[in-house]
Amino acid sequence: MRKRPPPLITRADLRMALTAGLSAGLLISLGLPDPIYGPMAVGSVLGGTLGASRTLGIQRMQGTVLGGLIVLVGIPTMGGIVPLPVAIAVSLACTRLFGGAFGLRSGYKVAGLVVTVGWTIHQGEIFTWLPARLVDTLIGVLLSWIAVGCFWPSRAIQQRQVLSHQLFASFASAFRERAQLLGQGLETGAANRLDHRDQLLAQIFALEANRGDATVELESDVLGVRLGRLWDLQEQLLSELISIYRTLLRLPVVPMEGASLQALLAAEIAALSATADCLDHWSRLWPERSGPKGIGPAERPLGAIQAAALALEQAEVGVFGDPEANRILMLASGGRRAVACQQLLITTQWFDAAWKAVP
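Residues numbered from 1 in each chain as written. Predicted model: local features only at pLDDT ≥ 70, side-chain atom pairs only at ≥ 80, totals over all residues. Heavy atoms only, no water.

With respect to the nonpolar core
Counting 56 residues, the largest nonpolar core has Phe 171, Phe 175, Leu 272, Leu 279 and Trp 282 as the members making the most contacts within it. Contributing elements (two or more residues each) for this core: helix 7 (156–184), helix 8 (190–217), helix 9 (222–250), helix 10 (259–285), helix 11 (303–320) and helix 13 (335–357). Looking at this core element by element, the count peaks at 12 residues for helix 9. Filtering out sequence-adjacent residues up to four positions away, Phe 171 remains in contact with Leu 200, Ile 204, Leu 238, Leu 241, Ile 242 and Leu 279. (Core = buried A, V, L, I, M, F, W, Y, C linked by side-chain atoms within 4.5 Å. Buried < 20%, exposed > 50% of the residue type's maximum accessible area, 1.4 Å probe, protein only. Helix = DSSP H or I, 4+ residues; strand = E, 2+ residues; numbered from the N terminus. Contact = heavy atoms within 4.5 Å.)

Quick word on the pattern of salt bridges
Applying the stated rule across the entire model yields 8 salt bridges. When the shortest N-O distance is used, the salt bridge between Arg 211 and Asp 232 registers 2.9 Å. Of this pair, Arg 211 sits in helix 8 while Asp 232 sits in helix 9, and the two are 21 residues apart along the sequence. Within the structure, one salt-bridge network assembled from shared partners comprises Arg 160, Arg 211, Asp 232 and Glu 235. (Salt bridge = Lys/Arg side-chain N within 4 Å of Asp/Glu carboxyl O.)

Some thoughts on the environment of Gln 234
Residue placement: Gln 234 occurs in helix 9. With 121 residues separating them along the chain, Gln 234 and Trp 355 place their C-alpha atoms 9.0 Å apart. Non-local contacts of Gln 234, meaning those with residues more than four positions away in its chain, are made with Arg 160, Ser 164, Phe 168, Leu 207, Trp 286 and Phe 351. Within the structure, Gln 234 has its side chain in polar contact with the side chain of Ser 164 (distance 2.9 Å). (Polar contact = N/O pair within 3.5 Å; in protein donor to acceptor, adjacent residues only side chain to side chain.)

Describing the side chain of Ser 23
Within the element layout of this structure, Ser 23 appears in helix 1 (residues 11–30). Excluding residues within four positions of it along the chain, Ser 23 makes contact with Gly 38, Pro 39, Val 42 and Leu 143.

What about the side chain of Ser 144?
One can find Ser 144 in helix 6 (residues 126–150). Judged by its relative accessible area of 0%, Ser 144 is buried. Excluding residues that lie within four positions of it along the chain, Ser 144 makes contacts with Thr 19, Ala 41, Val 42, Val 45 and Leu 46.

What to know about unusual backbone geometry
Residue Pro 287 is reached from Trp 286 by a cis peptide bond, and omega for that bond is 0 degrees. With respect to the helices and strands, Pro 287 occurs in the loop between helix 10 and helix 11. Its identity is not glycine, yet Asp 34 carries a phi of approximately 50 degrees, on the positive side. Within the secondary structure, Asp 34 is located in the loop between helix 1 and helix 2 (37–45).

Some thoughts on empty space enclosed by the protein
Per the stated rule, a full pass over the model turns up 1 cavity of 30 Å³ or more. Approximately 100 Å³ is the volume found for the largest cavity. Considering the residues around the largest cavity, the lining is formed by Arg 178, Leu 181, Leu 182, Leu 186, Glu 187, Leu 248, Val 253, Leu 272 and Arg 337. (1 Å grid on protein atoms, 1.4 Å probe; cavity = no way out; pocket = protein on both sides within 12 Å on 5 of 7 lines; lining within 4 Å. Points joined across faces, edges and corners; volume = space filled by probe spheres on them.)

Re the confidence of the model for the chain
Segments scoring low in pLDDT should not have their predicted coordinates read at a detailed level. Of the residues in the chain, 87% reach a pLDDT of 70 or more, and the chain-wide mean stands at 83. Per-element confidence in the chain is highest for helix 7, whose mean pLDDT is 91, and lowest for helix 12 (residues 323–332), whose mean pLDDT is 64. Under a pLDDT of 50 for its full length, residues 291–302 has, in the predicted model, 19 contacts with residues more than four places off or in other chains. (pLDDT = per-residue confidence, 0-100.)

Given below as structure tokens:
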């Protein structure tokens, strides 16, 4: 099946073109000088998400103010004393110095542009040009924020929720596959296991990359604080899950013969299946509050996870009393799978309790 080529014009391109044209038309209608700065602000600020656009817009305004202050101070003090190239070089050095001190990433480049244009073109009208430049930039930034929030919005928080649901479902599928293979006494090839691991890691990295833009969109209210705490818990959970999953992938298939080993095998399969059901349950709820019936499909009074933990503990007690089973597990490192399943159940119960504790 042939891969479809990317479209020549996307909705983001169309949104940027319309917003840039609207900013230019508005500035011309208002009679402001240099209306080109409005579309320039739109082109640099209008990012893929509302969070990214907010960050870039604030950086651009900060850079414009910083560059304007440096020019306002530099022209009266150095304008008639030092040559123009030296004055520009000193001003640009101050721009980089103060920009780094204030934590500007892209804003110091805007400040450098304001410094250069102010010294070379508008030196004689700096007190009238600079306020007009600030207004032009502000209008471009505000129109960009309105456009990204109202027209085909790409909100980072919504994207994070989609990524979170996909990750929970992916981990559920991965642990359910481990349970099925364990029950059949089979194992997939090394390349297939590495591919599954890399897919999960790629999803985790995508969620981590989204955190910055999503954090910018968070409000300072109770809901914003709650989401921030939930994201911290989620990142801890994902770190634990991928660590346990990688351990399970490395463990060899051990012949589980004998009553005690068969009981341990059944408990491990139940633990993996219960965890998969729990993750599926979370994928439908996140980030809302966990349901009143607890985690997973609680068919038993203690719930599926608690029941699996109890069964695994009882199976381990049976193995400890069987010297032959102990010998087999020690030789083949099979006991590590039971430990990994126990860690998985503990992690699942911890996350559910921590999730419920977030007000």
